[in-house]
Amino acid sequence: MLRTFVTSALRSVCRQSPAASSLVPLVQRTQRATLMTLSRPCLLPTPSLASPAHHQLLQLPGVLAATGTPSNTRNVTKFSLVKGKRKTVKAVLKRFKRLDWGAWIRTHSGRQKKLFKKSAALRRRLKQHVFTNATQSWLLDKMVTSYWRRPKHFINDPYKPYHSRNEYYATQSKTFKV
Amino acid sequence: MAHLRETSDKALKLLRTLPRVQIGNLRPNPNSKQNDKRGRAQHGGDKHGAGNKGSGQRQNFMRLGYETGNQPFYLRFPYEPYYKGHHLKRQYPPISLLQLQVLIDTNRIDISQPIDISTLCNSGLLKLKPAEMEYGFQLTDDGLDNFQAKINIEVQHASEAVIAAIEKNGGVIRTAYYDPRSLHMLANPKKWFEKGVPIPSRMLPPQDAVDYYTDPKNRGYLANPEAISQDRLVLAQKYGYQLPKIEEDSAYEMLTTAKDPRQVFYGLEPGWLINIVDKTIIKRKQ
């Protein structure tokens, strides 16, 4: 927690004062030393550890907040700072894949563990992918941006046969418009 | 019985003096009157509905996927590289042969001219978005049995069955690569010409696409024309149809029209400047 305060304080210092841009390398170089210093039981730097770099660091206005009053920090980002758009949860893209008719597929947990104890039929099932249900598909759709919900038309896509589900009325492919 | 008669007469006399039952003299329904003030203390005045602890008290907005104590659903499963390298792959929106046949039958595509991306985009029903890594159209084999049109078409990807279906009807097919700038020009030529910029050269394909476009089996635009003629016969024998002789066809001139590997538009060369207002073409001095 204390590391988070120091990091956010240093980041706010680098952002707030462009005139102190010459001090940014100094701040980055002493950031590790400061963290090591502040991780000790004593919150204030002891006189024996005094050095010119630390003195310059303490002159910066934002760093005093790290040793005194902790500054606020936000860990959950709903909208990005640069474009003001929703952000994609990267953990979803690492574990799931969206099919074009709305479902997401994932793999089984523990599919590569303790295989010697498992039967051949179970081992075969562990190699397969699993669909998500409607609630989970809705949740995963909300957690990604529209780029990932868009159909992709790659050449030699191994998931090409599974992107259509024409035997169900709600996901039947529409006739092209001419 | 006489006293009963007296009682009923008395009741009727009383009822005649009472006013008529109407909306103006009825008591309101229980709890229908809303108090315009909030209750005091424990009657809704202590916490105003926000509870004691948690996200209600602190007016938080729980993020998507958070399951208050459980391991969230989207974090339970192991990694799988589903989307590995997706940002480097080229996309080819599909057109089926059935769709192409219907476009031809409804006269949205003129088959007396060669067909390329511009022709398909100018029909108004097909869109190409080069900004989304779409590098042209791929022709798919839906409606392959009903295809009967003699066309000279240029697409970016086609399977062997599609090539056979087009050549069986006496047509010609080429697969060609366009760089993103050329794709922007072909998707909307009017917009490009209005910029007043000369037509640039088309770029060569990247390394992972050279093999495809130099292969005569794919009818690549960089392949040897003699090898393509040879492969037309081989494909006709493989699929068992009689290859029509396009040399004796009246549309031979149209069927053998092909772009130079550096050319973007039919009939227009790189370096030419198209003036839409004056309807002129400004060429370089020889």
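- As recorded by an unreviewed UniProt entry, chain B carries the name Large ribosomal subunit protein uL15m and is attributed to Drosophila melanogaster.
- The Sequence similarities (unreviewed entry) comment attached to chain B in UniProt states, word for word, "Belongs to the universal ribosomal protein uL15 family."

- UniProt lists chain A under the name Large ribosomal subunit protein bL35m, from Drosophila melanogaster.
- For chain A, the Subcellular location comment in UniProt is given as "Mitochondrion".
- In its Sequence similarities section, the UniProt record describing chain A reads: "Belongs to the bacterial ribosomal protein bL35 family."

## Examining the environment of Glu80 of chain B
Line of reasoning, step 1. Tracing the sequence through the fold places Glu80 of chain B in the loop between α2 (54-57) and β1 (94-96).
Line of reasoning, step 2. The class of Glu80 of chain B is buried, set by a relative accessible area of 17%.
Line of reasoning, step 3. Excluding residues within four positions of it along the chain, Glu80 of chain B makes contact with Lys94, Thr107, Arg111 and His129 of chain A.

## What about the interface of chain A and chain B?
Line of reasoning, step 1. With 38 residues of chain A in contact, the opposing surface of chain B contributes 32 residues.
Line of reasoning, step 2. For the chain A and chain B pair, buried surface summed over both sides reaches about 3400 Å², with 67% attributable to carbon and sulfur atoms.
Line of reasoning, step 3. The interface formed by chain A and chain B contains two salt bridges.
Line of reasoning, step 4. We note a salt bridge from Glu132 of chain B to Arg150 of chain A, for which the minimum N-O separation is 3.6 Å.
Line of reasoning, step 5. Contributing elements (two or more residues each) for the side of chain A that touches chain B: α5 (90-95), β1 (97-98), β2 (104-106), α7 (134-143) and α8 (146-149) of chain A.
Line of reasoning, step 6. Residue composition of the side of chain A that touches chain B, grouped by class: 19 nonpolar, seven polar and 12 charged.

## What about the packing of aromatic side chains?
Line of reasoning, step 1. Going through the model one piece at a time under the given rule, you end up with 13 aromatic pairs over all chains.
Line of reasoning, step 2. Ring-pair connections join several aromatic residues into one group, and the members of that group are Tyr135, Tyr177, Tyr212, Tyr213 and Tyr221 of chain B.
Line of reasoning, step 3. In this structure, Arg86 of chain A packs its charged tip against the face of Phe79 of chain A, placed 5.3 Å from the ring centre.
Line of reasoning, step 4. When the ring centre of Tyr266 of chain B is taken as origin, the NZ or CZ atom of Lys259 of chain B, which lies over that ring, is 4.8 Å away.

## Notes on the nonpolar core
Line of reasoning, step 1. Leu100, Leu139, Ile151, Ile153, Ile166 and Ile173 of chain B are the most contacted members of the largest nonpolar core, which totals 50 residues.
Line of reasoning, step 2. At the level of elements, α3 (97-105), α4 (117-122), β3 (152-155), α5 (160-168), α6 (180-187), α7 (189-193), α8 (207-213) and α9 (225-239) of chain B are the ones that each hand at least two residues to this core.
Line of reasoning, step 3. Here this core takes five residues from α5 of chain B, the largest share from any one element.
Line of reasoning, step 4. Counting 18 residues, the second-largest nonpolar core is a separate cluster that includes Trp104, Leu139, Leu140 and Tyr159 of chain A.

## So, α3 of chain B
Residues and elements named next belong to chain B.
Line of reasoning, step 1. All of the buried residues in α3 are Leu97, Gln99, Leu100, Gln101, Leu103 and Ile104.
Line of reasoning, step 2. Residues of α3 that are buried sit in contact with β1, α4, β2 (138-140), β3 and α5.
Line of reasoning, step 3. Of the residues one or two after α3, Asn107 is the one with positive phi, at around 60 degrees.

## As for the pairing of β3 of chain B
Residue and element names in this part refer to chain B.
Line of reasoning, step 1. Residues Asn152 and Glu154 of β3 are buried on one face, and the alternating residues Ile153 and Val155, pointing to the opposite face, are buried as well.
Line of reasoning, step 2. As defined by bridge partners, β3 adjoins strand β5 (residues 172-175) across four bridges and the pair is classed as parallel. Note that in β5 the partner of Glu154 across the bridge is Arg174.

So, how was this worked out
- Residues numbered from 1 in each chain as written.
- Chains lettered and ligands numbered in written order.
- Predicted model: local features only at pLDDT ≥ 70, side-chain atom pairs only at ≥ 80, totals over all residues.
- Heavy atoms only, no water.
- UniProt positions renumbered as here; feature names shortened; annotations may be inferred.
- Helix = DSSP H or I, 4+ residues; strand = E, 2+ residues; numbered from the N terminus.
- Buried < 20%, exposed > 50% of the residue type's maximum accessible area, 1.4 Å probe, protein only.
- Contact = heavy atoms within 4.5 Å.
- Buried area = accessible area lost by both parts, 1.4 Å probe.
- Salt bridge = Lys/Arg side-chain N within 4 Å of Asp/Glu carboxyl O.
- Nonpolar A, V, L, I, M, F, W, Y, C, P; charged D, E, K, R; others polar.
- Phe/Tyr/Trp six-rings, centres within 6.5 Å; stacked < 30°, edge-to-face > 60°.
- Lys NZ or Arg CZ within 6 Å of the ring centre and 35° of its normal.
- Core = buried A, V, L, I, M, F, W, Y, C linked by side-chain atoms within 4.5 Å.
- Pairing = 2+ DSSP bridges.

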